[in-house]
Amino acid sequence: MQLLIASNILLWLLLIAVAFTVMALVRQIGVLHSRIAPAGALMVDKGVTVNDPAPQVTAADRHGRPVNIGYRAERSQLLFFLAPGCPVCKSLLPAVKSIAKDNSGELDVIYVSDGDFTEQQALIEANGLQQATYVVGPEIGMTYQIGKLPYAVLIDQAGTLRAKGLVNSREHLDSLFETVHLGSATLQHYLHGEHKHDHAHDHAHPHSAQH
Amino acid sequence: MLDPVLVIAASTALAALLASAASHKLRDWRAFNGIVRAYQVLPDALVPAATTSLALAELGLALALLLPAWHGLAALGVVLLMALYASAIGLNLWRGRRDIDCGCSGPGAAQPLRPVLLLRNLVIALLAGLAAVPMAERALGALDIFVVIAAGAVALLIHVAVDGLLANQPRLAKLTGR
C-alpha cells in the first residue's frame, strides 16, 4: 500500500512536469510562428528584369508636372504603386512615408495610382501626402507591368531597376533595399542560394531582412 | 454519486480556468470590447456592460466553484456560460464570418473562428458537468487534497497547451499553404 501511494504521488508529479513541458513547447512554437522570417517581397510576374535598365517613362503628376522615371538622375527612385480601394496599400503608407523621410537625401518616393480623382484626393488628404510626388494615371503601371497591389519598384541613380516586388508589410519594403545590398533580384532568390556576389561588398556575412 | 476527489478536482480546474479567462478580459478590457463588438450579436451600446458582466460572472463562478455549498449551482452556471459562448461562435460561423477574432485565449492569441472551437467549449462544459455531479460523503485526507491540486494543475496546463495549439493551427496552415 505504501509503495502504491508513493508511486501514485510520483506519477502525479511527473505528469505535472510533462504537462508543463508540453505547454512550454506549445508556447515556443507560438513564438517561432510569430518570428518566422518574413517572406521577402514577391516577384509575381515577369515584367521588367531586375538589374536591367528600367524602362524610361514620363508621366504627369497630379499637378500636371512631369515626372521622369527610369532616367539617370541624382537620386534613386522608389515607385510605390497603390490604389484608393486597396486597404493593404493604405496600411503601408506610413512605412513608405518613413522610408521617404529617412532617405530624403538619396531617394525620391513616387506614389503611382490610378482611378477616380476624388478618391485619390481623399486618400492624399487622409494620409498627408500633399507634398509627395503623386502620379495618377495608367502609363507607369502599364510600362512596368504591375498586376498586383501594393507593388514597389526600386530604381537606382543610373536608371537601373534594382529591386521590385509585391509588398504587404514594412518587412517586404525593407527587403527591397536589402536585396539591393545582397545583389539578388528578390529575397527568395537570395534565400534559395541563387545570389550573385558582385554587389555583396559591404556585407561580409548575409543577414536576414528581419528588423 | 461520484468520489469527491473527482468532483472537487474538476471544480478546482474550472475555477482556475475561469479566473484566468476573467483576468484576460479585465486586463485588456478595451480589446475584449472590440472582440465582442466584432461578433455582432449585441448593439454596440450594450457591449461595455456585457463585457463587464461576463468578466464579473466568470470571476463569481470561479469563486462559487470553490465553495462546497455553491459549487453544484456554479458548475451549471459554467455550462450555461459555455453554451452562450458557443452559440455566439456558432451564430457567426453560420453567418460565414470566420475571419473575426475568437477571443478565446486572451489577448495576443488571436485566432479565427472555426468549428473546432465549439468542441473546445463542449469539453469545458463536460468538465463543468462533472463538477455538478453530487459527491459521495467521505472524509478527505492529505493524499486526496494532493490529488485534487495535482489534477487541477495538470488540467490547467493541458488547457493552456491545447489553447496554444489551437491558436497556432491557423498560422501553421498559412505556412504550409493548406
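Participant: Just to check I follow, could you spell out the overall build of chain B for this structure?
Facilitator: In terms of helices and strands, chain B carries six helices and zero strands. When the helices and strands of chain B are read in sequence order from the N terminus, they spell out α-α-α-α-α-α. When burial is assessed residue by residue, chain B has 33% of its 178 residues classed as buried. Sequence-distant contacts, at least 24 apart, represent 73% of the contacts inside chain B between residues at least 6 apart.

Participant: Could you clarify how one ought to interpret the sheet that holds strand S3 (residues 76-81) of chain A in this entry?
Facilitator: All names here are of chain A. Across the sheet, which stays open at both edges, the five strands sit in the order S5-S4-S3-S6-S7 with mixed pairing between neighbours. Here the strands that pair on one side only, and so sit at the sheet edges, are strand S5 (133-136) and strand S7 (161-166). Strand after strand, the sheet turns through a mean of 15° between neighbouring axes, direction not considered. Note: S3 against strand S4 (residues 107-113), six bridges, orientation parallel. Directly across from glutamine 77, in S4, lies its bridge partner aspartate 108. The strands touched by helix H2 (residues 87-102) are S3 and S4; relative to S4, the strand with the most contacts, the crossing angle is about 150°.

Participant: Just to check I follow, could you spell out the nonpolar core for this structure?
Facilitator: Counting residues in each nonpolar core, the largest one holds 37 residues, and the members touching the most others are Leu14, Leu65, Val78, Ala128 and Ala131 of chain B. Elements that contribute at least two residues to this core include exactly helix H1 (2-35) of chain A together with helix H1 (4-27), helix H3 (47-66), helix H4 (71-95), helix H5 (115-132) and helix H6 (142-176) of chain B. Broken down by element, the residue count for this core peaks at ten residues, all from H1 of chain B. Judged by nonpolar contacts, the second largest core, of 35 residues, contains Ala100, Val112, Val153 and Leu173 of chain A.

Participant: Even after reading the chapter, I still don't get the interface of chain B and chain A, so can you show me in this structure?
Facilitator: Contact residues are listed per partner, giving 15 residues for chain B and 14 residues for chain A. Per-class residue counts for the side of chain B that touches chain A are twelve nonpolar, two polar and one charged.

Participant: Help me out: how do you make sense of the pairing of S3 of chain A in this one?
Facilitator: A regular strand places its side chains so that they alternate between the two faces of the sheet. All names here are of chain A. For S3, a buried count of six out of six residues is recorded, marking the element as mostly surrounded by other parts of the structure. Residues Ser76, Leu78 and Phe80 line one face of S3 and the alternating positions Gln77, Leu79 and Phe81 line the opposite face, and both faces are buried. Where S3 and strand S6 (residues 151-155) come together, five bridges link them in antiparallel fashion. From the neighbouring strand, phenylalanine 81 faces S6, where its bridge partner is tyrosine 151.

Participant: Would you mind going over the pairing of S7 of chain A with me for this structure?
Facilitator: Residue and element names in this part refer to chain A. Of all six residues that make up S7, six are buried, and the element is covered over most of its length. The pairing of S6 with S7 spans five bridges and is classified as antiparallel. Counterpart to valine 153 in the pairing with S7 is lysine 164.

Participant: Would you mind going over the packing of H4 of chain B against H5 of chain B with me for this structure?
Facilitator: How two helices sit against one another is set out by the angle between their axes and by the gap between those axes. Residues and elements named next belong to chain B. With their axes 8 Å apart at the nearest point, H4 and H5 run at an angle of 170° to one another. If you check the angle between H4 and H5, you find them roughly antiparallel. Each residue belonging to the contact of H4 with H5 can be placed in one class, and the counts come to 18 nonpolar, five polar and no charged.

Participant: Mind showing me how you'd approach the confidence of the model for chain A here?
Facilitator: Caution applies to low-pLDDT parts of the model: their predicted coordinates are not meant to be read in detail. Residue and element names in this part refer to chain A. Mean pLDDT over chain A stands at 75; residues scoring 70 or higher make up 79%. Here helix H6 (residues 187-191) is the element of chain A with the lowest mean pLDDT, 49, and H1 is the one with the highest, 89. Long-range and interchain partners of residues 190-211, a stretch whose pLDDT sits below 50, account for 34 contacts in this model, where long-range means more than four residues apart.

Participant: How should I be thinking about the confidence of the model for chain B in this particular structure?
Facilitator: Here chain B shows a mean pLDDT of 89. Residues at 70 or above account for 98%. Both scores are available for the predicted complex, with the pTM at 0.57 and the ipTM at 0.78.

Participant: Can you walk me through the packing of H1 of chain A against H6 of chain B in this structure?
Facilitator: Relative to each other, H1 of chain A and H6 of chain B sit at 20°, their axes nearing to 9 Å. Judged on the interaxial angle alone, H6 of chain B and H1 of chain A are roughly parallel. As H1 of chain A runs across H6 of chain B, the sense of the crossing is left-handed. Grouping the constituent residues of the contact of H1 of chain A with H6 of chain B by class yields 23 nonpolar, four polar and two charged.

Participant: Explain H3 of chain B to me, please; I cannot follow it from the model alone.
Facilitator: Given 3.6 residues per turn, any residue in an α-helix points the same way as the ones three and four places further on. Given a rise of 1.5 Å per residue, 20 residues ought to cover 28 Å, and the 29 Å separating the end C-alpha atoms of H3 of chain B matches this to within 8%. On the buried face of H3 of chain B, the contacting elements are H1, helix H2 (29-39), H4 and H5 of chain B.

Participant: Looking at this structure, how should I read H4 of chain B?
Facilitator: Residues and elements named next belong to chain B. In this model, H4 (25 residues) spans 36 Å end to end at C-alpha, consistent with the 36 Å of a helix rising 1.5 Å per residue. Listed as buried for H4 are His71, Ala74, Ala75, Gly77, Val78, Leu81, Met82, Tyr85 and Ile89. On its buried face, H4 sits against H1, H3 and H5. Just past H4, the residue glycine 96 takes up positive phi, approximately 85°.

Participant: Looking at this model, I keep getting lost on unusual backbone geometry. Mind explaining?
Facilitator: Trans peptide bonds make up most of the peptide bonds, and negative phi angles are found at most residues other than glycine. Residue and element names in this part refer to chain B. With a phi close to 55°, glutamine 40 is a non-glycine residue in the positive phi region. Its location among the elements puts glutamine 40 in the loop between H2 and H3. Classification of glutamine 40 as partly exposed rests on a count of 14 C-beta atoms within 10 Å.

About the thresholds
- Residue numbers run consecutively from 1 along every chain, following the written order of its sequence.
- Whichever chain is written first becomes A and whichever ligand is written first becomes 1, with later ones labelled in order.
- It should be noted that, the model being predicted, local features are given only for residues of pLDDT at least 70 and side-chain atom pairs only at 80 or more, the latter also being counted only at that level, while totals for whole chains, interfaces and linings use all residues.
- Numbering of helices and strands runs from the N terminus; a helix is a DSSP stretch of H or I covering at least four residues, while a strand is a stretch of E covering at least two.
- Whether a residue is buried, exposed or partly exposed follows from its count of other C-beta atoms within 10 Å of its own C-beta, namely 20 or more, 12 or fewer, or something in between, respectively; the C-beta atoms are built from the backbone.
- Each residue gets a C-beta atom placed from its backbone, and two residues are in contact if those atoms lie within 7 Å.
- Strand pairing requires that DSSP identify at least two bridges connecting the strands.
- Axis angles are defined between N-to-C directions and span 0 to 180 degrees, where every axis is a line fitted to C-alpha atoms and, for a helix, only to the segment in contact.
- Each nonpolar core consists of buried Ala, Val, Leu, Ile, Met, Phe, Trp, Tyr and Cys residues. Their C-beta atoms, within 7 Å, join them into a set.
- Under the convention adopted here, Pro, Cys and the residues Ala, Val, Leu, Ile, Met, Phe, Trp and Tyr are nonpolar, Asp, Glu, Lys and Arg are charged, and Gly plus all remaining residues are polar.
- For classification purposes, an angle smaller than 35 degrees is called roughly parallel, one larger than 145 roughly antiparallel, one from 65 to 115 roughly perpendicular, and anything else oblique.
- The predictor attaches a confidence to each residue, and that confidence, scored 0 to 100, is pLDDT.
- We call a crossing left-handed when the near helix sits turned anticlockwise from the far one by less than a right angle, and right-handed when that turn is clockwise.
- One less than the residue count of a helix, multiplied by 1.5 Å, gives the span that helix is expected to have.

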